[in-house]
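Structural overview
In case you want the letters, here they are:
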Amino acid sequence: SQAGTHLVTPSFALPESGFDNASYPAEIRGWLRDYEKAHGTRGTSTITAEQVPLDQTSGRARIIDVRGKIGSTDRAHWPASPEIGPAEIEADENAHGPIRSGDIVVFRTDWSDRFYRPLPEGELCMLQPINGKAEGWPAPNAAAINLLAKRGVRCVATDAPTIGGVDPRNALMTYWALGSRGMVAVESLPGLGSLPADREVYFLF
């Protein structure tokens, strides 16, 4: 149901208030226990796209180059995406200054520009990584999302197919963290390499 560049809202992965967690499959219940032990209570939400204010998806773009993460996973552990954690965010802040409240943090992987192609070549974009036949795209983990929330970031974007990556457990935790903090994500945002590096860029979705 999500095609092209698209918005992920809190209700994408969060249930409504009153949801019985026992109705999750056993595997997901285990993931939820792990998530809540590490990151606090998973929230609930009914926020869909038409309820997201425009000022949440507009602001100064803070582009974080994570292309260097590509090629860092072990083939034996595929399907897997290289994880973007707090260390990568803090390293970018050390190099380029602190992330400001209201910034739109955009992770540049160049993934869509490289692999969004007609089939069969285009299988490298999503199909092969999801099926463990190729490495996935770099993706932030839940700890990275929590750090960005503390910085006052309300919208995160990526030029990769999804913000969660190809490992279903890690991906769900990333989406839980986003939604639980009222954040949204813009996925499959191509062409970041064409943006000027010598001046600020304004982001509007």
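Residues numbered from 1 in each chain as written. Predicted model: local features only at pLDDT ≥ 70, side-chain atom pairs only at ≥ 80, totals over all residues. Heavy atoms only, no water.

So, the layout of surface pockets
- Taken as a whole, the largest pocket holds about 440 Å³ of empty space.
- Among the elements that line the lining of the largest pocket, the one with the most residues is strand β2 (residues 58-65), at five residues.
- Grouping the constituent residues of the lining of the largest pocket by class yields seven nonpolar, two polar and seven charged.
- Each pocket or cavity is described by its volume, and for the second largest pocket that value is around 350 Å³.
- What lines the second largest pocket is a set of 17 residues, and nearest its centre among them are G4, Y116, M126, P161 and S188.
- Here the residues of the lining of the second largest pocket are counted per class, giving seven nonpolar, eight polar and two charged. (1 Å grid on protein atoms, 1.4 Å probe; cavity = no way out; pocket = protein on both sides within 12 Å on 5 of 7 lines; lining within 4 Å. Points joined across faces, edges and corners; volume = space filled by probe spheres on them. Helix = DSSP H or I, 4+ residues; strand = E, 2+ residues; numbered from the N terminus. Nonpolar A, V, L, I, M, F, W, Y, C, P; charged D, E, K, R; others polar.)

Considerations on the nonpolar core
- Counting residues in hydrophobic clusters, the biggest one holds 32 residues, and the most contacted among them are F107, L148, V156, W176 and L178.
- Those elements that place two or more of their residues in this core are α1 (26-39), β4 (104-108), α5 (142-150) and α6 (168-180).
- Residue contributions to this core peak at seven residues, all from α6.
- Among residues more than four places away in sequence, those in contact with V156 are V105, F107, L148, I163, L178, M183, V184, A185 and V186.
- Judged by nonpolar contacts, the second largest core, of 12 residues, contains V52, V184, L192 and F203. (Core = buried A, V, L, I, M, F, W, Y, C linked by side-chain atoms within 4.5 Å. Buried < 20%, exposed > 50% of the residue type's maximum accessible area, 1.4 Å probe, protein only. Contact = heavy atoms within 4.5 Å.)

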